[in-house]
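# Analysis of the macromolecular model
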Amino acid sequence: MASKHPAVDAYIQNAQPFAQPILKHIRAVVHEGCPDVEEKMKWSFPHFDYKGMLCSMAAFKQHATFGFWKHKLLEAYLPAADKTAMGQLGRIASIDDLPGQAALVRLVRAAAKLNDEGIKAAPRPRAKRPAPRTPPALMSALRKNPKALAAFKAFSPSHKREYVEWVIEAKQDATRARRIATAVAWMAEGKSQNWRYEKPASRR
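Small disclaimer: the values here were computed from a predicted structure and weren't measured.

What follows covers the overall build of the protein. In terms of helices and strands, the protein carries 7 helices and 4 strands. Across the 204 residues that make up the protein, the buried fraction comes to 37%. Pairs at least 24 apart in sequence give 58% of the contacts found in the protein among residues at least 6 apart. Split by element, the accessible area of the protein, about 13100 Å² in all, is 53% carbon and sulfur.

Before going further, it helps to examine the confidence of the model for the protein. Here the protein averages 85 in pLDDT, while 83% of its residues score no lower than 70. Here residues 80-86 is modelled with pLDDT under 50, and outside its nearest four sequence neighbours on either side it reaches 14 contacts, counting other chains as well.

This part is about helix H2 (residues 19-33). A rise of 1.5 Å per residue sets the reference length of H2, with its 15 residues, at 21 Å; its end C-alpha atoms lie 21 Å apart and thus fit the reference within 8%. Here H2 has its buried residues at Ala19, Ile22, Leu23, His25, Ile26, Arg27, Val29, Val30, His31 and Gly33. Looking at the packing, one finds that the buried side of H2 touches helix H1 (6-14), strand E1 (38-42), strand E2 (45-49), strand E3 (53-59), strand E4 (64-68) and helix H3 (101-116).

Our next topic: the nonpolar core. Residues Val30, Leu54, Met57, Phe66 and Phe68 are the most contacted members of the largest nonpolar core, which totals 35 residues. Elements supplying a minimum of two residues to this core: H1, H2, E2, E3, E4 and H3. With 17 residues, the next largest nonpolar core counts Leu149, Ala151, Tyr163 and Ile180 among its residues.

Taken as a whole and assessed by the stated rule, the structure comprises 7 salt bridges. With a shortest N-O distance of 2.6 Å, aspartate 116 and lysine 51 are connected by a salt bridge. One end of the pair, aspartate 116, is in helix H3; the other, lysine 51, is in the loop between E2 and E3, and 65 residues separate them in sequence. Within the structure, one salt-bridge network assembled from shared partners comprises Asp9, Arg27 and Glu39.

About the cut-offs
- Residues numbered from 1 in each chain as written.
- Predicted model: local features only at pLDDT ≥ 70, side-chain atom pairs only at ≥ 80, totals over all residues.
- Heavy atoms only, no water.
- Helix = DSSP H or I, 4+ residues; strand = E, 2+ residues; numbered from the N terminus.
- Buried < 20%, exposed > 50% of the residue type's maximum accessible area, 1.4 Å probe, protein only.
- Contact = heavy atoms within 4.5 Å.
- Areas by Shrake-Rupley, 256 points an atom, 1.4 Å probe, with all protein chains shown as cover.
- pLDDT = per-residue confidence, 0-100.
- Expected span 1.5 Å × (residues − 1).
- Core = buried A, V, L, I, M, F, W, Y, C linked by side-chain atoms within 4.5 Å.
- Salt bridge = Lys/Arg side-chain N within 4 Å of Asp/Glu carboxyl O.

Laid out in structure tokens, this is it:
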């Protein structure tokens, strides 16, 4: 049977009065569902580890939260909740806001089983950066040089962004004009903005 961490005891004691019974209940449920769980304080609030991150709880001024590290893989066990709160069970203002104890224990056991089986958390989707907006002055200069314009259109979004940001970052008009002229000359040769730091293509 895993022991309880004194720092978690202190966290619960220092929480708002309404939150203390909620945190105690969550803690008891986690230990019932995973007897070998290890308590830790991470990012200033209680976490429960079992062969890796398992779940965590936290208390705020008017609500508490309870969430699972691999919640994307536990959606079949999770009820619909208020998504404005941290964690997957929404804003918890009383024990009545939580699913029944048996349901919570099943949820903890399902999360522990994922860790037993070494199943990794689903990766977070990477937000795509919007396509760079080309400054009018740079676009005007490119239109006057067909080779540079063709190269710019053929560049990947990241290479386009490098040139656009380089031009935009210039604080003085004269500096911006010089950069535009240099950018057009480099693009006419098919070069990216960081061409000097790129490894030359291997010769066959």
